[in-house]
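Residues per chain, in single letters:
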Amino acid sequence: MNKTAYDKVKIARGNDRPTGLDFIRGIFTDFLELHGDRRYSDDAAIVAGVAFLNSLPVTVIAIEKGRSAKERTLRSFGSPNPEGYRKALRLMKQAEKFKRPIICFVDTSGAYCGIEAEAHGQGQAIAENLMTMMTLNVPIISILIGEGGSGGALALAVADRVYMLENAVYSVISPEGCANILWKDPSKAAQAAACLKLTAQDALYYGIIEDILSETNLGESTFYQRIKEKLLHELDVLNMDPKLLDNRYKRFRKFGMQNDPKEKDPAEKDTIQGSVE
Amino acid sequence: MPLLSFTHRPQNELEKEGRMAAPIQEDAGEPEKTCPNCRKPIPLSRLWANHNTCPCGYHFRMTARQRIHFITDKDSFFELFCGIKAADPLNFPGYTQKMETVCAASGEVEAVVCGIAAIGGYDCCIFVMESYFMMGSMGTAVGEKITSLFEFAQQNRLPVIGYTVSGGARMQEGILSLMQMAKTSGAVKRHSDAGLLYIPVLTDPTTGGVTASFAMEGDIILAEPRATIGFAGARIVEQTTRKPLPRGFQTAEFLLEHGFVDAIVPRHTQKSVLTKLLKMHHPMRGTA
């Protein structure tokens, strides 16, 4: 049976899905978590550190939602505060210094929404990440493993390769929020989810991501092994790329009206011309 | 702090109403607007002569063209990228119809106006977002225009002045709107790395995806008095945290206090402040 967009939203939010830390444990060895933004505090919603990918040292950054109720509260349900984004940025700059590739795992309903978060510059923290990541001179790969909620997700996804798990979602606004604005009725979230084109298949169609990662054997060692091999292969390609930064800029530069996939589709174009004649 | 003294304090008995540029003849039947701050009616011609500000210091919203008119030198503005307008990439229900209504009502084709102009005799690129066009929301066209402007400015080694007004990313263009945050940030970064000046002026309201991208990426960030500036909407923050919001939450003054804007500049001094800043960063500036 085909899953609807909203089914996928529910799967992506599911409690039993592997979280950021599971991916780190499954794919990397010798992970050492590094804490703190060196400005104010340490945000538990973002877990970051150094590790080996096979024999290759890498910097790993993951948004972690937590498992138990207690842990989820501690990690503010995977909604990072500005301190989390600043920690991520600090470690990304460190990665650039030591020429380590950066791997990000994104799973958030959005950046944390609170009085403190606003007072500490949530918008500024995200903006600085977007700007700096665009010119970090090391390969960056981001994988959306669950929810990809708006700017809070994008702040770790300005990358050379972006992948999504089969049932992950990536959206500018939550379907509930969208339904609330459009129809003043959050219960129409399922309809909104379909309109927002937030599934991995949609993202691939619009060229937002490079590939969809299959969820066969999700959470098992073969699953992580598959992702590991994919990462190693892509890092090999990216490490050889002399125009890494130009290509990263172009990757995002193309998202506009020029690449409207409807215009590119030759079959559709023919029918339009046909109807004019 | 001279920049903050925006209230038009009367200097003597003859100036009870505050200092005005010139006395204005008022018709008895002229339409008026009531100031939401001091609750006094103010005739439209007088409001206009005072840059859409009330003598009490309240800043009314302005259209993008009004702003361009008051901030740039006479006849110096030349519009760029005016042919770029949004498609409906997601086939979002009701979007095309909504765009048609909004275009007709606002007289604009998109939520930002870009161009080159002179301010106080100094050439610059300028973009002004339009609050009367879907609350300045950023879709692919807005992102494309702003990105193109920064690229143009970089090629021509010009500074960029940008007035931001936005409700955030445009929901109707979904994930493609979100990508505009990365796209514009990339263009700002390249412009910045080329050693060029970018001054955003944050006006009421600047929120969401625009705050989390090019609004906060300036070398010098200015804001209008009392402008609402934030990432999440105040109502959402209140609902989520279930705590009363502090007084003045997400105002320009709140951001100044927390260190996120460089200065609050009232509208009637904006042109002179921008002129000074452009002069200080001009490549032909004086030597010691």
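The structure we're discussing is the one just above.
This is a predicted model, so every value here is computed, not measured.

Novice: Go over the overall build of chain A with me, naming the residues and quoting the values.
Specialist: When helices and strands are counted, chain A shows 14 helices and eight strands. Taking 2.2 N^0.38 as the reference for a compact globule, 277 residues should give roughly 19 Å; the C-alpha atoms of chain A span a radius of gyration of 19 Å, in line with that estimate. Taken along the three principal axes of its C-alpha coordinates, chain A extends 65 × 45 × 40 Å. A fraction of 71% describes how many contacts in chain A between residues 6 or more apart in sequence connect residues 24 or more apart. Working note: accessible area of chain A is about 11,800 Å², and carbon and sulfur atoms make up 54% of it. Between the mean site of the 36 positive side-chain charges and the mean site of the 37 negative ones, chain A shows a separation of 3 Å.

Novice: Tell me what's going on with the layout of surface pockets, and back it up with residues and numbers.
Specialist: Size it by volume and the second largest pocket reaches roughly 310 Å³. Classifying every residue of the lining of the second largest pocket gives seven nonpolar, four polar and three charged.

Novice: Give a detailed account of helix α3 (residues 95-106) of chain B, specifying residues and quantitative values.
Specialist: Residues and elements named next belong to chain B. In this model α3 runs 16 Å from its N-terminal to its C-terminal C-alpha over twelve residues, within 8% of the 16 Å that 1.5 Å per residue would give. Among the residues making up α3, those that are buried are Tyr95, Met99 and Val102. Mapping the buried residues of α3 onto a view down its axis gives an arc of 70°, with all of them on the same face. Facing away from the buried side of α3, by more than 90 degrees, are the exposed residues Gln97, Glu100, Thr101, Ala104 and Ala105.

Novice: Requested: an account of the interface of chain B and chain A, with residues and values cited.
Specialist: Contact residues are listed per partner, giving 57 residues for chain B and 45 residues for chain A. Together, Met171(B), Ile175(B) and Phe231(B) form the three largest contributors to the area buried by chain B at its contact with chain A, with a combined 15%. Our count for the contact surface shared by chain B and chain A stands at three salt bridges. Residue Arg253(A) pairs with Glu144(B) through a salt bridge whose shortest N-O separation is 3.2 Å. Here chain B is connected to chain A by twelve residue pairs in polar contact (both at pLDDT 80 or more). Sorting the residues of the side of chain B that touches chain A by element identifies α4 (140-155), α5 (174-193) and α7 (234-241) of chain B as the ones contributing at least two each.

Novice: With reference to specific residues and values, describe the sheet that holds strand β7 (residues 198-206) of chain B.
Specialist: Pairing within the open sheet is mixed, and its seven strands lie in the order β3-β4-β5-β6-β7-β8-β9 (chain B). Across the chains shown, the open sheet's two edge strands, defined by having one partner strand only, are β3 (78-80) and β9 (263-264) of chain B.

About the criteria used
- Residues numbered from 1 in each chain as written.
- Chains lettered and ligands numbered in written order.
- Predicted model: local features only at pLDDT ≥ 70, side-chain atom pairs only at ≥ 80, totals over all residues.
- Heavy atoms only, no water.
- Helix = DSSP H or I, 4+ residues; strand = E, 2+ residues; numbered from the N terminus.
- Rg over C-alpha atoms; globule rule 2.2 N^0.38 Å.
- Contact = heavy atoms within 4.5 Å.
- Areas by Shrake-Rupley, 256 points an atom, 1.4 Å probe, with all protein chains shown as cover.
- Lys, Arg positive; Asp, Glu negative; His and termini not counted.
- Charge placed at Lys NZ, Arg CZ, Asp CG, Glu CD.
- 1 Å grid on protein atoms, 1.4 Å probe; cavity = no way out; pocket = protein on both sides within 12 Å on 5 of 7 lines; lining within 4 Å.
- Points joined across faces, edges and corners; volume = space filled by probe spheres on them.
- Nonpolar A, V, L, I, M, F, W, Y, C, P; charged D, E, K, R; others polar.
- Expected span 1.5 Å × (residues − 1).
- Buried < 20%, exposed > 50% of the residue type's maximum accessible area, 1.4 Å probe, protein only.
- Arc of directions from axis to C-beta.
- Buried area = accessible area lost by both parts, 1.4 Å probe.
- Salt bridge = Lys/Arg side-chain N within 4 Å of Asp/Glu carboxyl O.
- Polar contact = N/O pair within 3.5 Å; in protein donor to acceptor, adjacent residues only side chain to side chain.
- Pairing = 2+ DSSP bridges.

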